[in-house]
Amino acid sequence: MKVKGLRWWIIILIFLATVINYIDRTAISVMWPGISEELGFTKHHYSIMLNVFMVAYAIGQSVSGRMFDKIGTRMGYVVSIMAWGISTAMHALASGLLSFGVFRVMLGVSEAGNWPGAVKSNAEWFPAKERAMAQGIFNAGASMGSVIAPPLIAMLYLGFGWRVTFVIVGSLVFLWVIPWLIINKASPKKHPWITSEEQEHILSDQPVETRDEDEKALSLREILSHKEAWSVPASRFFLEPLWWLFAGWMPIYLADTYGFDVKEIGMFAWVPYVGAAIGSMSGGWFAGKLIAEGKGVDKARKTTISIGAVLMFLGLLATIFIANTPEKFVGIVAVVLFGFQFSISNVQTIPSDLLSGKSVGALAGFGGTVGLFCVIGMNFLIPFITETSYTPAFVIIGAFVPLSVIAIFVLCKEIKRIEIK
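Residues numbered from 1 in each chain as written. Predicted model: local features only at pLDDT ≥ 70, side-chain atom pairs only at ≥ 80, totals over all residues. Heavy atoms only, no water.

Peer 1: Can you help me understand the packing of helix H13 (residues 271-292) against helix H14 (residues 297-321) in this one?
Peer 2: Contact pair H13 / H14: the axes reach a minimum separation of 8 Å and the direction vectors enclose 145 degrees. Along this stretch, H13 crosses H14, giving a crossing that reads as right-handed. On the side of H13, the interface is formed by Gly 283, Phe 286, Ala 287, Leu 290 and Ile 291, while H14 contributes Val 297, Ala 300, Arg 301, Thr 303, Thr 304 and Ile 307. By residue class, the composition of the contact of H13 with H14 is 7 nonpolar, 3 polar and 1 charged. (Axes fitted to C-alpha atoms, helices over the stretch in contact; angles between N-to-C directions. Helix = DSSP H or I, 4+ residues; strand = E, 2+ residues; numbered from the N terminus. Left-handed = near helix turned anticlockwise from the far one by under 90°. Contact = heavy atoms within 4.5 Å. Nonpolar A, V, L, I, M, F, W, Y, C, P; charged D, E, K, R; others polar.)

Given below as structure tokens:
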């Protein structure tokens, strides 16, 4: 049989994997008031939990990026998602800081594969003009997971307690693996269900070396010998802390600033991610529209990234000067995260614009690793600089935003395929 639009089925499955990814990782922050009360943890303990996850996640980005280049996206996803589902469920066995830390490390390493895996899959299944849209759909999974997670986890927590909740959300991966293995049988070049029209649509926009399954993957050293490649890790170094400030600390902010409990966190914490989900789709659509109008990949990516940066910067100023109620705060953060996702879907697409198929995962993974090291530094700072107010954190993140844009414009004069000698 032939399936029309097979590439869209693939990206929908990756979207769903990302929803599960964010439900699993968000569980600890939503349930933290209950977990900390039972086990006697403090905000500094929470910072440690975030950072052991982040260190593992940063390392996992580079390791899994190379794994996906080696074994392919089909089996790479199976390995990653099964590992993170099991790791999530094992949190139910935690009894103290050490055991929680071990399970967070396991989760961080395994969940990291979702990002370089998605970038690599999009490079294989989508022509350049559609990749930002595909990346936007994928990133919308992170936003939708963050929308679903607070009320879902709060409901499960109130009904079953935090230990059983970890087991339930960890088990979601088993619902995903079967359709993935059935639908994603092979690459576009060899898939038995793909129509000839779709195959030509995908492959005609890819360089010959990308279509060659025997193509040699470049080493990370070879990739980074090109200045343009550094635009990805440099930009992500300044951008990633913004997302993780809110993803990791917003539930704690609501608890510290407004005295929210788990139920109230569940009622409010999902709202900003609606803006993020819309931003993911909008950023991909907007860049694709510019390319279709003949603006070129370079112009489309940089214009979209810049617009998102303006929204982020103005929104962060508003969190400092305007957000004096929880309703205003979550509404403004929705604008900030809209801007972030509007930009990041295009930043994350740049590796597939610069490199051919078997090297995309390595650069995407390295970019994620570099970005997360900045996040780790911020997570160490947050408990100290937010003792009286979260304003210093918003100021630092706000200063990072223009630097992320400058990094791309300076290091990558033109976003185009790197000539490999």
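Peer 1: Just checking my understanding: could you explain the pattern of salt bridges for this structure?
Peer 2: Oppositely charged side chains can form a pair if their charged atoms are brought close together. In the structure shown here, the tally under the stated rule is 13 salt bridges. Across the pair Arg 7 and Glu 198 runs a salt bridge whose closest N-O atoms are separated by 3.0 Å. Of the two residues, Arg 7 is situated in helix H1 (residues 6-39) and Glu 198 in helix H8 (residues 196-203); the sequence distance between them amounts to 191 residues. Via salt bridges that share partners, Arg 66, Asp 69, Lys 120 and Glu 124 belong to a single interconnected network. (Salt bridge = Lys/Arg side-chain N within 4 Å of Asp/Glu carboxyl O.)

Peer 1: Whenever I open this one, helix H4 (residues 114-125) confuses me. Can you help?
Peer 2: Helical geometry note: an α-helix holds 3.6 residues per turn, so side chains three or four residues apart project in the same direction. Its 12 residues give H4 an end-to-end C-alpha distance of 16 Å, which sits within 8% of 16 Å, the value for a rise of 1.5 Å per residue. Of all the 12 residues making up H4, 11 are buried; the element is thus mostly covered by neighbouring parts of the structure. Residues of H4 that are buried include every one of Asn 114, Trp 115, Pro 116, Gly 117, Ala 118, Val 119, Lys 120, Ser 121, Asn 122, Ala 123 and Trp 125, and no others. (Expected span 1.5 Å × (residues − 1). Buried < 20%, exposed > 50% of the residue type's maximum accessible area, 1.4 Å probe, protein only.)

Peer 1: Help me out: how do you make sense of empty space enclosed by the protein in this one?
Peer 2: Unfilled space is identified by rolling a water-sized probe across the atoms. Scanning all chains against the criterion turns up 5 cavities of 30 Å³ or more. For the largest cavity, the calculated volume is near 180 Å³. Considering the residues around the largest cavity, the lining is formed by 21 residues, among which Arg 25, Thr 26, Ser 29, Ala 247 and Gly 248 are closest to the centre. Those elements that place two or more of their residues in the lining of the largest cavity are H1, helix H2 (43-90), helix H5 (128-160) and helix H11 (231-258). Across the lining of the largest cavity, the residue classes break down as 15 nonpolar, 4 polar and 2 charged. If you add up the space inside the second largest cavity, you get close to 130 Å³. If you trace the second largest cavity, you find 16 residues lining it, with Tyr 22, Trp 115, Glu 240, Trp 243 and Gln 348 closest to the centre. The set of elements that each furnish at least two residues to the lining of the second largest cavity consists of H2, H5, H11, helix H15 (326-347) and helix H17 (357-385). With 4 residues, the top contributor of residues to the lining of the second largest cavity is H11. (1 Å grid on protein atoms, 1.4 Å probe; cavity = no way out; pocket = protein on both sides within 12 Å on 5 of 7 lines; lining within 4 Å. Points joined across faces, edges and corners; volume = space filled by probe spheres on them.)

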